[in-house]
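Structural characterization, general
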Amino acid sequence: MAAGGWTYATLAHEVEIDPKSVERWVNLGRTPRRATALQAAKALGEDVHALWPALRQARPARAISPELVALYEQRADIPVSTFTDLLAQARERIDILVYAAVFLHEAYPRLNELLTERAAEGCTVRIAIGDPDSDTVQARGKEERFGHGIESRCRLALMHYRPLADTPCIEVRTHGTTLYNSLYRADDQQLVNAHVWGVNAYAAPVWHLRRHEESGMFDTYADSFDAVWATATPVREEG
C-alpha cells in the first residue's frame, strides 16, 4: 500500500468496504473474504495468496478417478495376457510407445499375428520403439544400470516388429525421445507403465486407464503419444 500510495480510505473505496476493515487487515492480520481479497489484490497489483496465504486452498483430490480401472505396483505383477487381451479387443486404434518391451514377443510369440489380424479388420496400428543409437536410449541403460542391454533389446524389438512395417494399416517407427512412460493403447483403454529413475520398467507401476472425458488423464497420455510419433522415423521392411 505504501509503495502504491494507498491509504486505508482509498483502498476501502476501491473495494467498496469500510476503511476500518482495511485497517484491521494491516494492523491485526485479519483475512478478508475471498471476493474482497481478490479485488484488493487486483487493485494493489499483487498476488492474492502472497497477501493472504490463508486463502490458498488445496485442490480437493478425488479418492478414485473415473478413468482409473486398476493400479498395479509393478509391471512384473501383470500377466502378459492383460496386454494381449487389451490389444485383441481393439477395433479402431492400437498405439504402442516403448523403448523395447520385448517381454511381449517373448511371452506371446503370436503378437505380430494378432496385430496383423487387427489391422486386417481395419484397426490402425502405430508402434514406436526406441532408436538404439540415440543418446536417450543409451542414457536410459546407464540410469537403470542395464548398460548396453537396453540398446540390444531395442535392436531385438526392431527385429520383431520390422516384418510388420509394410503391412497395410500398420506403421512402425523408431524414436529418440526421453521415455517417461511406456504406453499400450487399444481404442479407449490404455496401460501406462511409469518409468522411475534407476528402476527397470518391469519393477515400475502400471495404471490401466479408460477414457472417461475429453482432456482427462487418458487424453494426456494419448496426446503425448502423438507428440512422440510426430518426431519418429518410419521403419521399412528389409527386402
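Anyway, here's the lowdown on the structure attached to this text. All values reported here derive from a predicted model rather than from experimental measurement. (Residues numbered from 1 in each chain as written. Predicted model: local features only at pLDDT ≥ 70, side-chain atom pairs only at ≥ 80, totals over all residues. Heavy atoms only, no water.)

Regarding its fold elements, the chain presents ten helices and eight strands. Computed over the C-alpha atoms, the radius of gyration of the chain is 27 Å, more than 25% above the 18 Å expected from 2.2 N^0.38 for a compact globule of 239 residues. Relative to its full complement of 239 residues, the chain shows a buried share of 42%. At a minimum sequence separation of 6, the contacts of the chain that also span at least 24 residues come to 66%. Summing over all exposed atoms, the chain offers an accessible surface of approximately 13400 Å²; the carbon and sulfur share of this is 50%. (Helix = DSSP H or I, 4+ residues; strand = E, 2+ residues; numbered from the N terminus. Rg over C-alpha atoms; globule rule 2.2 N^0.38 Å. Buried < 20%, exposed > 50% of the residue type's maximum accessible area, 1.4 Å probe, protein only. Contact = heavy atoms within 4.5 Å. Areas by Shrake-Rupley, 256 points an atom, 1.4 Å probe, with all protein chains shown as cover.)

A contiguous nonpolar patch, built from L68, L71 and M217 and spanning about 260 Å² of accessible area, is present on the exposed surface. Here M217 shows up in helix α10 (residues 217–231). (Patch = residues over 30% accessible without salt bridge, like charges linked within 9 Å, V, L, I, M, F, W, Y side chains within 5 Å. Salt bridge = Lys/Arg side-chain N within 4 Å of Asp/Glu carboxyl O.)

A general tendency of soluble globular proteins is for nonpolar side chains to be buried together. Within the largest apolar cluster, 49 residues are counted, with the highest numbers of intra-cluster contacts made by I94, I96, L115, I127, Y161 and Y184. Considering every element that reaches this core, the biggest residue donor is α10, with six residues. Leave out the neighbours within four places in its chain, and Y161 touches I96, L104, H105, L111, N112, L115, I127, I129 and V172. The next biggest cluster of nonpolar side chains, apart from the first, holds eleven residues, and it includes V15, W25, A37 and L55. (Core = buried A, V, L, I, M, F, W, Y, C linked by side-chain atoms within 4.5 Å.)

Pairing in this open sheet of eight strands is mixed, and the strands run β1-β7-β6-β5-β2-β3-β4-β8 from one edge to the other. Of all the strands in the sheet, just β1 (68–72) and β8 (233–234) have a single pairing partner and so form its edges. Alignment of strand β2 (residues 93–97) against strand β3 (residues 124–130), held across five bridges, turns out to be parallel. Paired with I94 across the strands is V125, a residue of β3. (Pairing = 2+ DSSP bridges.)

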